[in-house]
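# Geometric and topological summary
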Amino acid sequence: MKRPGPFFRVFLSTFTLATLLSMLSTGSAQEKPPSKTIKAVRFGKLWDAKGKLWTNATVIVEGERIKAVASDAAAIPAGAEVIDLSKYTALPGLIDVHTHMTMYTEETMSEPMLKQLTANPPAVEVFLARKGAMRTLEAGVTTVRDLGADQYMDIAMRDLINRGEMIGPRMFVCGYGLYITNTPYKLGLNPPAGGIADGVPEVLKVVRQQIAAGADVIKMYASTGTDDDVTGFQTYNFEEIKAAVDAAHKFGKKIAIHSYGPDGARDAVRAGTDSLEHATDIDDATIAEMAKRGTFYVPTIDHNRYYLDNWQKIGYANGFQEKTKAFLSRNLETARKAHKAGVRFAMGSDVIYTMFGENTRELGWFVKAGMTPEQALHTATTNAAELLGKEKELGAVAPGFFADFVAVEGDPLSDINVVLKNVRWVMKAGGVVVDKTQLQPH
Ligand SMILES: [Zn+2]
């Protein structure tokens, strides 16, 4: 390359910062790293997402990674800090592949939440978002794929969390999602300042802009439909979608395509999208194609329920409910069909406003759609990790993986509600981020 573009500048500045930080913490970049703390976490049961349910498991954690998993206490190295969670069942840290972490709003303010989002300056929005981030961790979610934010607030938040300045789930972010002209982000509200692209050349440019800005994944809105609007008219044509998919893949990035309706879904799947978000009424040929290609389906059923429960606080106009209820049941029906046809799912909540903490309710819908609790758990662990391209370090409890765990009270393999309601303790990258083990009324 003749001219190092912004992509390289971002990379270089990140590298320099990381080097600087490591020099500051060790005194010199030449010195060997300080010895890492070793923790031994004991669980009554452990579902490792690799096909094994352990009894009396001990997980040895060194620094931010898992060193070993064993079933006897003798494996505990001398000097290790022992954390006894033998009353609980452990799962890998859960992954929510469709969030809007920056779009957190307060429920106590008199202003409708929809308006708060556009009224808050970006710095305020990111600062408030720490509350949603904490609730997300409390739900057992230690990693998210964030699919749409304004003004690169998602990149700022991801980096603050990675630097330890903010407590929250590990974030993989997309910057601006691609929109066509005249698809307002919300009718009457300001469209996003970036992300608008019409035609193949503009699509290529906007995809490259997101990657240059530091996006981990690309998001494209291939149909109308959001909030209380459940129309699913296709917005981008096949050529535009294909251009976005190929441009993302060329940079080693995955792409998530939003389509409420079947037309955008069909073209997204045949263009080779990595995941299809929301889609309802997907035709049989497209469902078969998804099963064949291994395209992940992220139906986001539960966010419709959230809108119906909270529409007044959000500020939707009365009268949308019938359409959203009908959409929700078609969404569930489509999920049932897709599961039966062998399509792979990943859990995405589409969490926004005050929904943070309800991220895993989606798993309840998956069980309603015909999955066993264990199949549902795979959508938030191994499947989600694969969709992120992180299947070798996230989504399972095994040596070398990040030390991300959730301890729940009860048996999640016989009742998925245990995951939704009984999270007691959460570890992310070797650090305890949630501990409610002392608070339990018995
Ligand atoms: Zn979304």
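Everything here concerns the structure above.
Residues numbered from 1 in each chain as written. Predicted model: local features only at pLDDT ≥ 70, side-chain atom pairs only at ≥ 80, totals over all residues. Heavy atoms only, no water.

### Digging into the coordination of the zinc ion
- Every protein donor of the zinc ion is listed here as His98 (NE2), His100 (NE2) and Asp350 (OD), and their distances to the metal cover 2.1 to 2.2 Å.
- We note that the donor set of the zinc ion lies within a single chain, spaced as H-x1-H-x249-D.
- Given a relative accessible area of 0%, His98 falls into the buried group.
- Relative accessible area serves as the criterion here: at 7%, His100 is assigned to the buried category. (Donors = N, O, S within 2.8 Å, 3.2 Å for Na, K, Ca; no water. Buried < 20%, exposed > 50% of the residue type's maximum accessible area, 1.4 Å probe, protein only.)

### Quick word on unusual backbone geometry
- With a phi close to 50°, Gln151 is a non-glycine residue in the positive phi region.
- Here Gln151 shows up in the loop between β6 (141-146) and α4 (153-162).
- Positive phi, close to 50°, is recorded for Ala429, a residue that is not glycine.
- Locating Ala429 in the fold gives a position in the loop between β15 (423-428) and β16 (431-435). (Helix = DSSP H or I, 4+ residues; strand = E, 2+ residues; numbered from the N terminus.)

### As for the nonpolar core
- Judged by nonpolar contacts, the single largest core of 112 residues is most densely connected at Tyr353 and Phe405.
- Counting residues per element, this core draws most heavily on helix α6 (residues 238-250), which supplies seven residues.
- With 12 residues, the next largest nonpolar core counts Phe172, Ala384, Leu394 and Phe402 among its residues. (Core = buried A, V, L, I, M, F, W, Y, C linked by side-chain atoms within 4.5 Å.)

### What about empty space enclosed by the protein?
- Tallied over the full model, the rule gives one cavity of 30 Å³ or more.
- Here the largest cavity defines a volume of roughly 50 Å³.
- Lining the largest cavity we find Pro92, Gly93, Ile95, Thr142, Thr143, Glu393, Leu394, Gly395, Ala396, Phe401, Phe402 and Asp404. (1 Å grid on protein atoms, 1.4 Å probe; cavity = no way out; pocket = protein on both sides within 12 Å on 5 of 7 lines; lining within 4 Å. Points joined across faces, edges and corners; volume = space filled by probe spheres on them.)

### Examining helix α5 (residues 199-213)
- Over its 15 residues, α5 extends 21 Å from the first C-alpha to the last, a length consistent with the 21 Å expected when each residue adds 1.5 Å.
- Those residues of α5 lying buried are Val203, Val206, Val207, Gln210, Ile211 and Ala212.
- Backbone geometry just downstream of α5 places Gly214 in the positive-phi region, at approximately 115°. (Expected span 1.5 Å × (residues − 1).)

### Some words on the sheet that holds strand β3 (residues 65-70)
- Here we have seven strands laid out as an open sheet, ordered β3-β2-β1-β4-β14-β15-β16, and mixed in their pairing. Every interior strand has two partners, whereas the edge strands, β3 and β16, have only one. Strand after strand, the sheet turns through a mean of 35° between neighbouring axes, direction not considered.
- Inspection of the sheet shows strand β1 (residues 38-47) paired to strand β4 (residues 81-92) by seven bridges, in the parallel sense. Each residue of the ladder has a partner; that of Arg42, found in β4, is Asp84.
- Contacting β15 and β16, helix α3 (residues 122-138) runs over the sheet at an angle of about 90° to β16. (Pairing = 2+ DSSP bridges. Axes fitted to C-alpha atoms, helices over the stretch in contact; angles between N-to-C directions. Contact = heavy atoms within 4.5 Å.)

### So, the pairing of β1
- Counted residue by residue, β1 has seven buried out of 10 residues, so it is predominantly covered.
- In terms of strand pairing, β1 meets strand β2 (residues 53-62) through nine bridges, oriented antiparallel. Bridge pairing links Leu46 to Trp54 in β2.

### So, the side chain of Arg170
- Positionally, Arg170 belongs in strand β7 (residues 170-173).
- Setting aside anything within four residues of it in sequence, one finds Arg170 in contact with Thr142, Thr143, Val144, Leu394, Phe402, Asp404, Lys428 and Ala429.

### Remarks on the pairing of strand β14 (residues 405-408)
- Across the two faces of β14 the burial is the same, with Phe405 and Ala407 and Val406 and Val408 all buried.
- In terms of strand pairing, β4 meets β14 through four bridges, oriented antiparallel. Paired with Ala90 across the strands is Ala407, a residue of β14.
- By the bridge criterion, four bridges tie β14 to β15 in an arrangement that is antiparallel. By the bridge assignment, Val408 is partnered in β15 with Val423.

### Structural notes on helix α11 (residues 361-368)
- Turning to α11, its buried residues are Glu362, Leu363, Gly364, Trp365 and Phe366.
- Check the buried side of α11 and you find it contacts α9 (302-314), α10 (321-340), β12 (344-345), α12 (373-379) and α14 (417-421).
- Gly370 sits one or two positions beyond α11 and adopts a positive phi of about 115°.

### Things to note about the sheet that holds β7
- Taken together, four strands build an open sheet; the order of strands is β7-β6-β5-β13 and the sheet is parallel. Edge positions in the open sheet fall to β7 and β13 (351-353), since each of these has one partner strand only. Averaged over all pairs of adjacent strands, the angle between their axes in this sheet comes to 30°, without regard to strand direction.
- Sheet topology places β6 next to β7; four bridges connect them, and they run parallel. Note on β7: the bridge partner recorded for Thr143 is Arg170.
- Relative to the sheet, α3 contacts β5 (94-104) and β6, its axis offset from that of β5 by approximately 150°.

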